[in-house]
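Spelled out from the first residue to the last, the chains are:
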Amino acid sequence: NRGAGLHIEACKDLTLQTISLINNQLVTGVDPQSMARIDALGGGIYINQSSTITLDFTNALVSNNKAEKGGALAIDKLGQNSKALTIRHGNFEHNEAAALGGGIFAQEVLDLEVLQSSFSHHVADRGAAIYLAGAGASLGKQTIIDGVLFRDGHARAHAGAVLIEGIPGFLAQS
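Residue numbers run consecutively from 1 along every chain, following the written order of its sequence. The predicted nature of this model means local features are confined to residues of pLDDT at least 70 and side-chain atom pairs, given and counted, to a pLDDT of 80 or more, with totals for whole chains, interfaces and linings taken over all residues. The side-chain values count all of the structure's non-hydrogen atoms but skip hydrogen atoms and water molecules.

K.L.:
Mind showing me how you'd approach the overall build of the chain here?
P.N.:
Each helix and strand counted, the chain has zero helices and 23 strands in total. To sort residues, take the accessible area from a 1.4 Å probe on protein chains only and compare it with the maximum for the residue type: under 20% means buried, over 50% means exposed, and anything in between is partly exposed. Counting the 174 residues in the chain, one finds 47% classified as buried. The protein chains shown are the only cover counted for residues, whose accessible areas, like all others here, come from Shrake-Rupley with a 1.4 Å probe. For the chain, the accessible surface area stands at approximately 7,700 Å², while carbon and sulfur atoms represent 47% of it. Only DSSP runs of H or I covering at least 4 residues are called helices, and only runs of E covering at least 2 are called strands; the numbering of each starts at the N terminus.

What follows is the structure, given as structure tokens:
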């Protein structure tokens, strides 16, 4: 269960502009053969094993998306090169995750930038707007959040805006 709106797998040098993702939903499932639980990642977008991805949401909306992790956007295991993922001008609102990252869930992302964006009315257990979990070593890369507005986030447990775990080289600016 990955990416109800858009699934990006093993891509390089991809730029998406002016895309809106509204009312997409993933539910946690069960693998019919192994009966193992399958997490629902990325209600709006799921990105995996990709590099140099730019999401430019100018004049677009990412709203009312739901998943277990990453209500709007889930990013998994990116980046052995610079600028693994850049998100610009995102207008994220009313996205929800049952567990982690109502707006964005990112794990093992070595280089992430979120620029000139806004997050409002997000809900998750942890990291209502953004949940970031590192791989333990950043290899000199950075996570940058710059010019971002967080408004009216609700975390059922921790962090109504951003929750960061194991991310060296983190930079936040207003």
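Next comes the rest of the account.
K.L.:
Looking at this model, I keep getting lost on the sheet that holds strand β3 (residues 21–22). Mind explaining?
P.N.:
Note: strands within a sheet are paired through backbone hydrogen bonds, in either parallel or antiparallel orientation. DSSP calls a pair of strands paired once it identifies at least 2 bridges connecting them. The five strands lie next to each other as β3-β8-β12-β16-β20, forming an open sheet whose pairing is parallel. If you trace the sheet from one side to the other, it starts and ends with β3 and β20 (149–151), each paired once. Of the strand pairs in this sheet, strand β16 (residues 118–120) and β20 are connected by three bridges, and their pairing is parallel. Residue pairing across strands places Ser118 opposite Leu149, the latter belonging to β20.

K.L.:
I tried to follow the sheet that holds strand β17 (residues 123–126) on my own but got confused; where do I start?
P.N.:
One open sheet accounts for four strands, arranged β9-β13-β17-β21; its pairing is parallel. The open sheet is flanked by β9 (66–69) and β21 (154–158), the only strands paired with a single partner. Within this sheet the neighbouring strands show an average axis-to-axis angle of 5°, counted without direction. Note on geometry: axes are lines fitted to C-alpha atoms, helical ones only across the stretch in contact, with angles between N-to-C directions running from 0 to 180 degrees.

K.L.:
What is the right way to look at the pattern of salt bridges in this model?
P.N.:
Should a side-chain nitrogen of Lys or Arg be within 4 Å of a carboxyl oxygen of Asp or Glu, the pair is scored as a salt bridge. If you walk through the whole model with that rule in mind, you get three salt bridges. A salt bridge links Asp125 to Arg156, with the nearest nitrogen and oxygen atoms 2.5 Å apart. Placement of the pair is Asp125 in strand β17 and Arg156 in strand β21, with a sequence separation of 31 residues. Of the residues examined, Asp125 reaches a relative accessible area of 28% and is grouped as partly exposed. Assessed through its relative accessible area of 40%, Arg156 is described here as partly exposed. Two residues, Arg126 and Glu165, come together in a salt bridge whose shortest N-O distance is 2.4 Å. Residue Arg126 is located in strand β17, and its partner Glu165 is located in strand β22 (residues 162–165); the two are separated by 39 residues in the primary sequence. Taking relative accessible area as the criterion, Arg126 reaches 25% and is therefore assigned partly exposed. Here the salt bridges share partners, and the residues they tie into one network are Glu96, Asp125 and Arg156.

K.L.:
When you look at the packing of aromatic side chains in this model, what are you seeing that I'm missing?
P.N.:
Note on aromatic pairs: each is described by the distance of the centres and the angle between the planes. Note on aromatic contacts: the rings of Phe and Tyr and the six-membered ring of Trp form a pair at centre separations within 6.5 Å, being stacked when their planes are under 30 degrees apart, edge-to-face when over 60 apart, and tilted otherwise. In total, this model carries four aromatic pairs according to the counting rule given. Aromatic side chains Phe57 and Phe92 sit 5.5 Å apart centroid to centroid with 70° between the ring planes, which places their arrangement in the edge-to-face category. Taken together, the residues Phe57 in the loop between β7 (51–56) and β8 (62–63) and Phe92 in strand β12 (residues 91–93) connect sequence positions 35 residues apart. Residue Phe57 is classed as buried on the basis of its relative accessible area of 1%.

K.L.:
Can you help me understand the side chain of Asp76 in this one?
P.N.:
Relative to the assigned elements, Asp76 resides in strand β10 (residues 73–78). Counted as a polar contact is a pair of N or O atoms within 3.5 Å, where, for protein atoms, one must be capable of donating a hydrogen and the other of accepting one, and residues adjacent in sequence contribute only when both atoms are in side chains. Among the polar contacts listed, one links the side chain of Asp76 to the side chain of Tyr46, at a separation of 3.4 Å.

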